[in-house]
Amino acid sequence: MDSGQKLTPVALKATGKVSALALLLEGYVQADQNILCPLCGMKFLLLLDPRDRRDHFHHGDDIRQVMVALQQKVAGDHAMGHRNERFVFP
């Protein structure tokens, strides 16, 4: 990972272990929280840039903003049977 390039927060279906591993190898870290589909409870891992986890995303409103936006994308995908494995923060 280029130390100057910032990684975009990603929600990844918890069953997508190969994809999660690939992102972890790119430099992502798993957040303490997960994203849950509000309609069925399907779990998505929240992956962040290590700097975000360590700094302002670790606590405060920024992490809540990311989680709400990604949870809305997950909820929108529910009607299609959660075909999408990965959602990127806008």
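Before reading further, recall that the structure is shown in the block above.
Below: a short report on this structure. Since this is a predicted model, take the numbers as computed values, not measurements.

Regarding its fold elements, the protein chain presents 3 helices and 4 strands. For the protein chain, the proportion of its 90 residues judged to be buried stands at 36%. Sequence separation of 24 or more characterises 58% of the internal contacts of the protein chain that already satisfy a separation of 6 or more. Entry remark: accessible area of the protein chain is about 5300 Å², with carbon and sulfur atoms responsible for 54%.

Among the nonpolar cores identified, the biggest contains 15 residues, and Ala-11, Ile-35, Phe-44, Leu-46, Leu-70, Val-74 and Phe-87 are the most heavily contacted of them. Secondary-structure elements contributing two or more residues to this core are β2 (29-36), β3 (43-48) and α3 (61-78). Per-element tally for this core: the top contributor is α3, with 6 residues.

For Asp-77, the location among the structural elements is in helix α3. This buried residue, Asp-77, is left without a salt bridge; Lys-13 holds the nearest opposite charge, at 5.8 Å. Within the local environment of Asp-77, its side chain forms a polar contact with the side chain of Asn-84, the two groups lying 2.8 Å apart. With residues near it in sequence (within four places) discarded, Asp-77 still touches His-82, Arg-83, Asn-84 and Phe-87.

Further remarks concern the sheet that holds β2. With antiparallel pairing, 4 strands are arranged side by side in an open sheet as β2-β3-β1-β4. Taken across any chain shown, the strands that pair with only one partner, and hence form the sheet edges, are β2 and β4 (86-88). This sheet shows a mean twist of 25° between the axes of neighbouring strands, independent of strand direction. Strand direction decides the pairing type here: strand β1 (residues 10-13) and β3, joined by 4 bridges, are antiparallel. Looking at the pairing, Val-10 lines up with Leu-47 of β3. Helix α1 (residues 17-26) rests against β1, β2, β3 and β4 of the sheet, and its axis sits at about 150° to β1.

Next up on the list: the packing of aromatic side chains. Taken as a whole and assessed by the stated rule, the structure comprises 1 aromatic pair. Measuring from ring centre to ring centre gives 5.7 Å for Phe-44 and Phe-87, while their planes differ by 65°; the resulting arrangement is edge-to-face. Pair noted here: Phe-44 is in strand β3 and Phe-87 is in strand β4, with a separation of 43 residues, a long-range link. In this structure, Phe-44 and Phe-87 share a single accessibility class: buried.

A few words now on the state of the cysteines. According to the stated counting rule, one finds 0 disulfides in the structure shown. Free of any disulfide, Cys-37 has its nearest cysteine sulfur in Cys-40, 3.8 Å distant. Cys-37 gets classed as buried once you look at its relative accessible area, which sits at 4%.

What counts and what doesn't
- Residues numbered from 1 in each chain as written.
- Predicted model: local features only at pLDDT ≥ 70, side-chain atom pairs only at ≥ 80, totals over all residues.
- Heavy atoms only, no water.
- Helix = DSSP H or I, 4+ residues; strand = E, 2+ residues; numbered from the N terminus.
- Buried < 20%, exposed > 50% of the residue type's maximum accessible area, 1.4 Å probe, protein only.
- Contact = heavy atoms within 4.5 Å.
- Areas by Shrake-Rupley, 256 points an atom, 1.4 Å probe, with all protein chains shown as cover.
- Core = buried A, V, L, I, M, F, W, Y, C linked by side-chain atoms within 4.5 Å.
- Lys, Arg positive; Asp, Glu negative; His and termini not counted.
- Salt bridge = Lys/Arg side-chain N within 4 Å of Asp/Glu carboxyl O.
- Polar contact = N/O pair within 3.5 Å; in protein donor to acceptor, adjacent residues only side chain to side chain.
- Pairing = 2+ DSSP bridges.
- Axes fitted to C-alpha atoms, helices over the stretch in contact; angles between N-to-C directions.
- Phe/Tyr/Trp six-rings, centres within 6.5 Å; stacked < 30°, edge-to-face > 60°.
- Disulfide = S-S within 2.5 Å.

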